[in-house]
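# Examining the three-dimensional arrangement
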Amino acid sequence: MHWSDSIALDIVKRSPDKDIYTCAAGISPSGSIHIGNFRDIATSYFVVKALERLGKNARLLFSWDEFDRLRKIPKNVSDIDQNMEQYIGYPYVDIRNPFGDGCKTYAEYFEKEFESSIKKLGIEMVYRYQADMYRSGKYKEYVILALSKRKEIFDILDSFRTQESSEEDREAYYPVSIYCPICHKDTTQITELSKDCVNAHYRCVCGNESDFNFNEDFNCKLAWKVDWPMRWMYESVDFEPGGKDHASPNGSYQTSKIISEKIFGYQAPLFQGYEFIGIKGSTGKMSGSSGLNLTPETLLKIYQPEIILWLYSKTIPTKAFDFCFDDGILRQYFEFDKQYDAYQNQTADELTNVVISNCLVGSRKIHTVPMGLMVQLGSVVNFNISVLQTVFKKLGTPYTEEELMERLPLAKYWLEHCAPENKNTLRTTRNWHVYDSFSEQEKEEIRLLYIYLAEGGYSLEDLNHKLYEIPKFVFPDIHDKNELKKLQSAFFANVYKLLIDKEKGPRLYLFLYAVETDQYLRLLDFETPKTELELTAETAAEETAAPEEENITVKEPDPVPAVKNMISFDAFETLDFRVCKVVKCTEIRKSHSCLKLTLFDGIGERVIVSSIKKEYKPEELIGKKIIVLANLKPAKFSGVMSEGMLMAATNNACGCKVIFADDSIPEGTQIK
Ligand SMILES: [Zn+2]
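Residues numbered from 1 in each chain as written. Predicted model: local features only at pLDDT ≥ 70, side-chain atom pairs only at ≥ 80, totals over all residues.

### Digging into the overall build of the protein chain
Rules: Numbering goes from the N terminus for both helices and strands, where a helix is a DSSP run of H or I of at least four residues and a strand is a run of E of at least two. Exposure in this text rests on C-beta crowding, where 20 or more other C-beta atoms within 10 Å of a residue's own make it buried, 12 or fewer make it exposed, and counts in between make it partly exposed. The C-beta atoms are placed from the backbone. Throughout, a residue-residue contact means that the two C-beta atoms, derived from backbone geometry, are no farther apart than 7 Å.
Within the protein chain, the secondary structure is distributed over 27 helices and 21 strands. Here the C-alpha coordinates of the protein chain stretch approximately 100 × 65 × 55 Å along the principal axes. The 672 residues of the protein chain split such that 33% are buried. Within the protein chain, contacts between residues at least 6 apart in sequence are counted, and of these 70% link residues at least 24 apart.

### Notes on the domain arrangement of the protein chain
Interfaces are often described in size by the accessible area the parts lose on coming together. The test is simple: These domain boundaries are the output of an automatic or database domain assignment.
One can read the domain layout of the protein chain as domain 1 (3-135 + 225-276 + 286-294), domain 2 (305-422), domain 3 (432-542) and domain 4 (569-658). When each unit is reduced to the centre of its C-alpha atoms, the spacing between domain 2 and domain 4 is 38 Å.

### A word on the pairing of strand E6 (residues 199-204)
Inclusion rule: Note on pairing: two strands pair once DSSP finds at least 2 bridges between them.
Burial of E6 is one-sided: the residues Ala-200, Tyr-202 and Cys-204 facing one way are buried, the residues Asn-199, His-201 and Arg-203 facing the other way are not. Across five bridges, the pairing between strand E5 (residues 188-193) and E6 is antiparallel. Bridging across to E6, Gln-189 finds its partner in Arg-203. Counting the residues in the hairpin turn of E5 and E6 gives five residues, including Cys-197, whose phi is positive at 65 degrees. Inspection of the sheet shows E6 paired to strand E7 (residues 209-213) by five bridges, in the antiparallel sense. Opposite Arg-203, over in E7, you have Glu-209 as the bridge partner.

### Regarding helix H18 (residues 401-417)
We count it as follows: How far a helix is expected to stretch is found by multiplying one less than its residue total by 1.5 Å. Bend at a residue means the angle formed by two fitted axes: the first through the 7 residues ending at that position, the second through the 7 residues beginning there.
In this model, H18 (17 residues) spans 24 Å end to end at C-alpha, consistent with the 24 Å of a helix rising 1.5 Å per residue. The largest bend in H18 is about 35 degrees, located at Arg-407, with the proline Pro-409 one to four residues further on. By the burial criterion, the buried members of H18 are Leu-404, Arg-407, Leu-410, Ala-411, Trp-414 and Leu-415. Contacts from the buried residues of H18 go to helix H14 (328-344), helix H16 (371-380) and helix H17 (385-394).

### Focus: the packing of H14 against H16
Stated precisely, the cut-off is as follows: What counts as an axis is a line fitted to C-alpha atoms, over the stretch in contact for a helix, and the angles between N-to-C directions run from 0 to 180 degrees. Oblique is the label for any angle not under 35 degrees, not over 145, and not in the 65 to 115 range, which are roughly parallel, roughly antiparallel and roughly perpendicular in turn. Here the nonpolar group is Ala, Val, Leu, Ile, Met, Phe, Trp, Tyr, Cys and Pro; Asp, Glu, Lys and Arg are the charged ones; every other residue, Gly included, is treated as polar.
At their nearest, the axes of H14 and H16 sit 8 Å apart, and the two run at 135 degrees to each other. With respect to H16, the axis of H14 lies oblique. Facing H14, whose interface residues are Leu-330, Tyr-333 and Phe-334, H16 presents Met-371, Gly-372 and Val-375. A per-class count over the contact of H14 with H16 returns five nonpolar, one polar and no charged.

### Here we look at the nonpolar core
Nonpolar side chains in soluble globular proteins tend to be buried together. Put simply, the rule is: The term nonpolar core refers to a group of buried residues, namely Ala, Val, Leu, Ile, Met, Phe, Trp, Tyr and Cys, whose C-beta atoms join them within 7 Å.
If you look at the biggest cluster of nonpolar residues, it comprises 122 residues, and the most contacted ones within it are Cys-23, Val-47, Leu-51, Val-143, Ala-146 and Val-176. Considering each element in turn, this core owes the most residues, nine residues, to helix H2 (residues 38-53). Not counting residues up to four positions away in its chain, the partners in contact with Val-47 are Ser-4, Ile-7, Ala-8, Cys-23 and Phe-239. Counting 17 residues, the second-largest nonpolar core is a separate cluster that includes Cys-580, Cys-585, Cys-594 and Val-628.

### What about the sheet that holds E7?
The strand order across the open sheet built from three strands is E5-E6-E7, with neighbouring strands paired in antiparallel fashion. The strands lining the two open edges of the sheet, one partner per strand, are E5 and E7. Each adjacent strand pair in this sheet contributes to an overall mean axis angle of 35 degrees, direction not counted.

### Details of helix H1 (residues 3-14)
Applied cut-off: The arc in question is the one spanned by the directions pointing from the helix axis to the C-beta atoms.
Along its 12 residues, H1 runs 17 Å from first to last C-alpha, staying within 8% of the 16 Å computed at 1.5 Å per residue. For H1, the set of buried residues is Trp-3, Ser-4, Ile-7, Ala-8 and Ile-11. Angularly, the buried residues of H1 cover 135 degrees about the axis, an arc narrow enough to put them on a single face. In this structure, the buried residues of H1 make contact with strand E1 (21-27), H2, strand E9 (239-243) and strand E10 (270-274).

### A few points about the packing of helix H20 (residues 440-455) against helix H22 (residues 481-500)
Between H20 and H22, the least distance of the axes is 11 Å, while the angle of their chain directions is 70 degrees. It follows that H20 is roughly perpendicular to H22 by the angle criterion. Across the interface between the two elements, Glu-442, Glu-445, Ile-446 and Leu-449 of H20 pack against Phe-491, Asn-494, Val-495 and Leu-498 of H22. Along the lines of polarity and charge, the residues of the contact of H20 with H22 split into five nonpolar, one polar and two charged.

### Digging into the confidence of the model for the protein chain
Selection rule: Along the chain, pLDDT gives the predictor's confidence residue by residue, from 0 to 100.
Across the protein chain, the average pLDDT comes to 90, with 96% of residues at 70 or higher. The low-confidence segment residues 287-292, where pLDDT is below 50, has 12 contacts with residues more than four positions distant or belonging to other chains.

### A word on the environment of Ala-223
Considering the arrangement of structural elements, one finds Ala-223 in the loop between strand E8 (220-222) and helix H9 (224-235). A sequence separation of 413 residues divides Ala-223 from Lys-636, and the C-alpha atoms of the two residues are 35 Å apart. In contact with Ala-223, not counting residues within four places along its chain, are Pro-175 and Ser-177.

### Some details on the sheet that holds strand E14 (residues 595-600)
Here five strands make up an open sheet; going across it, the order is E15-E14-E13-E16-E19 and the pairing antiparallel. Two strands close off the open sheet at either side, each with one partner strand: strand E15 (605-610) and strand E19 (645-646). Here strand E13 (residues 577-587) pairs with E14 via six bridges, running antiparallel. The residue of E14 that forms the bridge with Thr-586 is Lys-596.

### Describing the environment of Ile-156
Following the sequence through the fold, Ile-156 ends up in helix H7 (residues 150-159). Discounting chain neighbours no more than four positions away, the residues touching Ile-156 are Thr-255, Ile-258, Ile-259 and Lys-262.

### Thoughts on the environment of His-201
Of note, His-201 is situated in strand E6. Sequence spacing of His-201 and Thr-191 is 10 residues, and the spatial spacing of their C-alpha atoms is 5.6 Å. Excluding anything up to four places from it in sequence, His-201 contacts Thr-191, Glu-192 and Asp-211.

### What to know about unusual backbone geometry
For Ser-236, which is not a glycine, the phi torsion comes out positive at approximately 55 degrees. Along the chain, Ser-236 falls in the loop between H9 and E9.

Laid out in structure tokens, this is it:
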């Protein structure tokens with residue numbers, strides 16, 4: 001059973017006869033919405049679909065938490081405007097838009113940015129803008145209710161705290177923040193409250209002091225753990241997912257659940273915690289998408305909307321998965337196509353049917369043009385659409401121009417921005433340098449291939465067969481299968497070297513068959529003498545090649561030290577070594593030796609300083625996973641507080657080398 005179906009069954013079991021079921025999601029427009037936050041919507045979206053499969057009415061209710069206070073300025077904001085710090089404490093909806101693009105407020109800018117991706121993903125949802133909800137007075141009676149039960153709320157919150165609290169704390173607690181009309185911030189403190197909890201007196205850090213009537217003034221907001229359950233009740237929410245940090249036993253959900261039941265008399269919705277989303281490979285030249293601020297909009301440049309949804313749909317919420325910027329993306333396209341085709345042909349199993357039907361966008365039909373071939377062959381023919389059409393036709397899988405255009409821009413974008421090393425570009429001149437290094441037999445193989453291709457008139461199968469035959473013919477004495485395989489692979493690699501300066505490429509027979517021979521045949525013809533151009537290229541290469549080898553000096557390794565004193569296993573266990581991902585890395589200007597690394601340690605970001613500036617450039621570390629001693633007491637280096645130490649090996653023979661962890665290990669994994 002699909003995970004969304006089992007959640008839907010639980011929902012219906014709890015409340016069997018609702019006219020309409022509400023699955024909620026909510027995000028603060030605190031900056032560009034990251035694909036990790038998008039899981040909030042995706043999870044609820046699939047549960048809505050599952051409820052509909054059960055014949056129920058269901059809605060996806062999405063809350064823009066734009067009435068929350070600004071806590072931190074995201075980097076892409078401070079990069080364009082250094083004066084945003086003054087807005088800390090403002091609700092997002094009252095902050096001016098620093099981007100100057102027509103949107104009125106900070107909140108609106110990030111909301112619009114995200115909503116346009118949501119449309120492309122075909123997701124329909126009911127939007128709630130929380131600033132409007134509060135400021136129109138819709139919640140006023142619940143604000144007053146929360147104030148009247150403030151001591152009970154305090155006690156519930158207190159039961160989750162580890163620190164002792166005093167009766168004074170309890171007296172001074174108000175679960176409401178008033179936004180100051182003078183300075184616009186929430187830096188206010190209620191000093192008096194009338195018995196009926198309607199009239200208050202408050203003071204603001206800015207000096208403003210005033211009265212507040214909760215029946216008439218609505219510029220105030222409930223504290224997060226009270227606000228959340230109030231809205232569950234207000235909207236009659238049946239299900240809401242949340243990041244795994246909310247899901248922990250002491251997390252917001254548990255607290256809000258009790259407040260929901262005890263304060264608002266509402267049975268808390270079912271909850272599903274979800275894992276973070278990872279990124280594999282380097283986002284390379286994709287702008288504004290390094291590390292933690294990757295948006296769905298960025299993903300849509302390389303993923304079809306259906307495949308983005310498919311990844312969320314096929315993975316249970318408690319499992320992490322990666323969006324791939326490396327060639328893992330080709331594998332994902334391949335797997336999607338396999339499932340999609342099975343779904344279309346009605347040969348898929350029940351689970352696959354649900355996974356695929358969950359991620360269809362409207363009535364749009366996908367044309368599963370193999371992305372691997374599109375990338376490999378597309379680059380050879382410069383993504384010329386009509387040439388590509390011929391290529392696929394020759395391969396026996398014709399597509400219309402329209403069908404090819406669904407994936408072509410994505411393939412091209414990925415290749416150019418994320419994986420330029422996968423580009424296959426035909427050489428302009430023959431590679432004499434490589435050819436001259438071949439043995440006589442290897443040269444003979446090339447000659448035979450050239451004659452065969454020049455003659456033409458072969459089918460795809462003929463050509464495939466011929467490619468395996470040529471080495472057999474040139475080495476008639478080799479009968480051992482493995483030996484022969486090696487010779488065949490070497491022959492294919494030689495052809496690639498001559499054509500595209502690489503040892504590997506797309507399947508050779510497809511490549512040679514799909515690309516018009518007149519585009520590459522001359523690169524395999526070594527009977528005609530060197531051209532003027534080739535001769536000049538050679539001399540130029542010789543002149544620049546010479547000094548290259550000089551710098552390599554082999555240094556003596558350090559003497560191997562004796563093993564240190566024994567420690568107990570318990571002592572070892574106190575060390576918290578964990579795998580962290582480098583999300584940001586910058587040079588510390590004042591320091592000759594130190595780099596500042598911002599890491600994701602599985603829980604949040606942490607900054608460490610490491611004296612590896614001479615050994616590594618920041619771009620060599622970004623996106624890599626390293627091992628960090630996470631519970632080393634923080635210390636200041638070059639003016640920056642370092643929260644941990646990375647593992648590196650230093651030896652005279654190699655200098656200082658950082659120990660990198662395998663990319664498949666999730667961030668936060670402990671080393672034991
Ligand atoms: Zn103020």
